[in-house]
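# Observations on the model geometry
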Amino acid sequence: MNSAAPDPCLSPSQAAHVIVVGAGPTGASLARLLALRGIRVTLIEASRSFQRIFRGQALMPSGLEAIAQMGLSATVETVPHETLDAWEFWIEGKRLFRVNEPMNFSGAATGPPCTLVSQPEFLDALIQQADACDTFEFLPATPVRDLVWEQQRVVGVSLGDGRILNADLVIATDGRNSMLRDKAGLTLDSLSHAIDILWFSLEDAPPLRDENVFHAVVKHGNSFGLFRSSQGQLQLGWGLHRGDDRNWKTEDWPEVLAEHSPDWLAAYFRQNASCFQPPVKFSVTVGRAPQWSKPGFLILGDAAHPMSPIRAQGINMAFRDAIATANHLVPVLTGQGQAAVDQTVIDQALDAIQAEREPEIIQAQALQAEELAQGEKLRNYPILRWGASRFAPIVGLGVRQSWLRRQRPLRLGVVPLTLEV
Ligand SMILES: Cc1cc2nc3c(=O)[nH]c(=O)nc-3n(C[C@H](O)[C@H](O)[C@H](O)COP(=O)(O)OP(=O)(O)OC[C@H]3O[C@@H](n4cnc5c(N)ncnc54)[C@H](O)[C@@H]3O)c2cc1C
């Protein structure tokens, strides 16, 4: 594993130019990798500042391993981050089970603990490192408006200010509602996902301060997750089921949360009721594009496969997409073994990227759906919730085992992946 300081920039080998649209985890990490390897990259981001956009932050061992391979472990140390101590599951006010971090599979500790890394600062650091290369250009506050085509091949993008930029390859990493995916005529097969998320930021206070535990709480057919973020604030995500007709904007949330909580947590919500800010609603999209590329054009990250927030997979998959893509593209974009960059070879590499990444994405989304289905069962069958809470010490053991079985691939990744370029 390469966990050293960032690689020095290689000198540009020839004139291949890649445009990456969207500087989220996928786009920023890929643009940096390509720039460090001497490829000319223009990274274009619609927002002026990452601080204003909500970003998930939980990284599993597979994401941390990808970070190490990209030479970014030391960078994580320079931005706000916080490890998780444990996961605890509460049902109808009773603790069902607890699992400590780092998780232990078959007696062997596997990987570092789940770590919360502040994405705005991390993305800024990636861009700063790429910026040290002459081959890299970053255009913030610059929305891309459309693709530019020539003889059924994407040859560039048009910007909001009317400028046109040309490139050998355009990579759209513009997130789950990817406009460029639509502009390229690529489709998204939506996978059913029964919940949106209401997101609360809360003051850290006793008794939650001692440990950073991800508390998953289920009661009366509702559920929420609570943990401490990398900035030391508590973050709470309430699953808002589609068809739930509550007026979430006017709810007395401290009281609603207290009613769903074990006594010690209910006391926290009531004592800190005056600090509550209204929640933000996130619509969750989950799906997969059947086709990820067109000649001269590739979609990646959430643009190709928007992930459910369940068990924090999206950023981990984003970094793993970047590694697989660099493995395929660096040789062809640097013209290794060729006199000039060959468009046919680039397009073949795009197909190979999808073929390599798709199996892991399919399995991770299936495991996330399994997690959600378990929650839905508890939500829909009060008898199950009653039984689980009444016999928590015994039932909890079995549920813990089945939960741990699903976590292994979700934490470690489904396929082996190594940065080879
Ligand atoms: C509530 C919630 C919580 C989550 N928590 C976690 C978590 O803890 N851990 C985890 O691993 N995943 C989490 N996820 C998922 C994760 O956020 C995504 O999977 C991940 O951000 C995808 O990265 P991306 O770079 O592909 O896309 P994004 O992060 O969406 O980045 C896309 C970028 O493209 C830019 N952009 C869009 N359109 C244009 C345009 N036309 N021109 C230029 N730029 C453009 C956007 O401004 C944005 O910066 C969560 C998701 C949700 C909804």
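Here the structure is a predicted model, which is why all the values come from computation and not from measurement. (Residues numbered from 1 in each chain as written. Predicted model: local features only at pLDDT ≥ 70, side-chain atom pairs only at ≥ 80, totals over all residues.)

### Focus: the domain arrangement of the protein
One widely used convention gives an interface's size as the accessible area the parts lose upon coming together. Heads up, the condition is: All domain edges in this entry derive from an automatic or database-based domain assignment. Whether two residues are in contact is decided by their C-beta atoms, placed from the backbone, lying within 7 Å. Here a helix means four or more residues in a row that DSSP labels H or I, a strand means two or more in a row labelled E, and each is numbered from the N terminus.
Assigned domains of the protein: these are domain 1 (17-191 + 285-374 + 407-412) and domain 2 (195-283). With centres defined by C-alpha atoms, the gap from domain 1 to domain 2 works out at 29 Å. With 21 residues of domain 1 at the interface, the matching set in domain 2 holds 19 residues. Of all elements in the fold, only β4 (81-83), β5 (86-91) and β9 (115-117) reach the threshold of two or more residues within the side of domain 1 that touches domain 2.

### A few points about the sheet that holds strand β3 (residues 58-59)
Formally: By definition, two strands form a pair when at least two bridges between them are found by DSSP.
Read across the open sheet, the three strands follow the order β3-β9-β4; overall the sheet is antiparallel. With partners counted over all chains shown, the strands left at the sheet margins are β3 and β4, one partner each. Inspection of the sheet shows β3 paired to β9 by two bridges, in the antiparallel sense. Bridged to Ala58 within β9 is Leu116.

### Section: the sheet that holds strand β11 (residues 144-150)
Within a sheet, adjacent strands bond to each other through the backbone by hydrogen bonds, running parallel or antiparallel. Inclusion rule: All axes here are fitted lines through C-alpha atoms, helices being fitted over the stretch that makes contact, and every angle between N-to-C directions spans 0 to 180 degrees.
The sheet built from three strands is open, its strands ordered β11-β12-β13 with antiparallel pairing. Whereas interior strands pair on both sides, the edge strands pair on one side only; in this sheet they are β11 and β13 (164-166). Direction aside, neighbouring strands of the sheet carry axes that sit 30° apart on average. Of the strand pairs in this sheet, strand β12 (residues 153-159) and β13 are connected by three bridges, and their pairing is antiparallel. Residue pairing in the sheet places Ser158 in a bridge with Ile164 of β13.

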